[in-house]
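Coordinates in review
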Amino acid sequence: MADVLAEGYNVFDTKKSPSGTVKYLASPADVIGLIQSGKLGEHILLVRGGTTTFLAPALSMGAIGVITMSGAPESHLGILSREFQTPCVMTAHLTGSDSRYVVGSTDESHFEEIARELDGKKVRLDCTDDEVGRVVAL
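What you see is a predicted model, and the numbers here were worked out from it, not measured in a lab.

1. Things to note about the pairing of strand 3 (residues 43-47)
Successive side chains on a regular strand alternate, one facing one side of the sheet and the next facing the other. Among the 5 residues of strand 3, 5 are classified as buried, and the element is accordingly described as predominantly covered. Burial along strand 3 is two-sided: the face carrying His43, Leu45 and Val47 and the face carrying Ile44 and Leu46 are both buried. Relative to strand 3, strand 2 (residues 19-24) runs parallel, the two being bridged by 4 bridges. Residue tyrosine 24 lies in a different strand from strand 3, and its bridge partner there is leucine 46. Viewed along the sheet, the connection from strand 2 through helix 1 (residues 28-37) into strand 3 turns out right-handed. Sheet analysis places strand 3 next to strand 4 (residues 66-68), joined by 3 bridges and oriented parallel. From the neighbouring strand, leucine 45 faces strand 4, where its bridge partner is valine 66.

This is how it looks when you write it as structure tokens:
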């Protein structure tokens, strides 16, 4: 069985199972830089939350998959992911960690741990389950 690195909310059911290298995008400049590099299609995009509006240009230009560390499928990014049919796992948590996102009380170390563990990893998104999206190591 494949190694599941992280799990979270599946935004929508899809048979798409994009594979790529996780790229943590912390700022609008990071998004612009990735788009300008011409390598957008090689990456699964990791962002902090569902209100990360600066990711919209990447979605409109063909992003293949998204992982968020907070947010719900009803959030801005969840809605855009459905509109663009981009597989998205939201409020992902590392399967090997006890740390979970809790609104209003999550320490910064939670986000740093996820970014550190996933950024640069080759993964596949599995969004075939009705509720749970998975980030699977390749």
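Let's pick the thread back up.
2. Describing a negative patch on the surface
Together, Asp13, Asp129, Asp130 and Glu131 line one region of the surface with negative charge. Examined against the element boundaries, aspartate 13 turns out to sit in the loop between strand 1 (4-10) and strand 2. Of the residues examined, aspartate 13 reaches a relative accessible area of 44% and is grouped as partly exposed.

3. Looking at the pairing of strand 7 (residues 132-137)
Looking at chain direction, strand 1 and strand 7 are connected through 5 bridges and run antiparallel. Within strand 7, the residue paired with valine 4 across the bridge is valine 136. Where strand 6 (residues 122-126) meets strand 7, 4 bridges bridge the pair, whose relative direction is antiparallel. Across the sheet, the residue bridging to valine 123 is alanine 137, located in strand 7. What sits between the antiparallel neighbours strand 6 and strand 7 is a turn of 5 residues.

4. Here we look at the nonpolar core
With 18 residues, the main nonpolar core has Val22, Leu46, Ile67, Leu118 and Leu125 as its most contacted residues. Looking at which element gives the most residues to this core, the answer is helix 4 (residues 108-118), with 4 residues. Once residues lying within four places of it in the same chain are set aside, the contact partners of valine 22 are Ile44, Leu46, Ile67, Leu118, Asp119, Gly120, Lys121 and Val123. Counting 17 residues, the second largest nonpolar core, distinct from the first, contains Leu45, Val66, Leu77 and Met90.

5. Some details on the pattern of salt bridges
Using the criterion set out here, one finds 2 salt bridges in the structure. Between glutamate 7 and arginine 134 there is a salt bridge whose closest N-O contact spans 3.2 Å. You can see glutamate 7 sitting in strand 1 and its partner arginine 134 sitting in strand 7, a full 127 residues away along the chain. Exposure remark for arginine 134: the relative accessible area of 23% places this residue in the partly exposed category.

What counts and what doesn't
Residues numbered from 1 in each chain as written. Predicted model: local features only at pLDDT ≥ 70, side-chain atom pairs only at ≥ 80, totals over all residues. Heavy atoms only, no water. Buried < 20%, exposed > 50% of the residue type's maximum accessible area, 1.4 Å probe, protein only. Helix = DSSP H or I, 4+ residues; strand = E, 2+ residues; numbered from the N terminus. Pairing = 2+ DSSP bridges. Right-handed = clockwise from strand over helix to strand, strands pointing away. Patch = residues over 30% accessible without salt bridge, like charges linked within 9 Å, V, L, I, M, F, W, Y side chains within 5 Å. Areas by Shrake-Rupley, 256 points an atom, 1.4 Å probe, with all protein chains shown as cover. Salt bridge = Lys/Arg side-chain N within 4 Å of Asp/Glu carboxyl O. Lys, Arg positive; Asp, Glu negative; His and termini not counted. Charge placed at Lys NZ, Arg CZ, Asp CG, Glu CD. Core = buried A, V, L, I, M, F, W, Y, C linked by side-chain atoms within 4.5 Å. Contact = heavy atoms within 4.5 Å.

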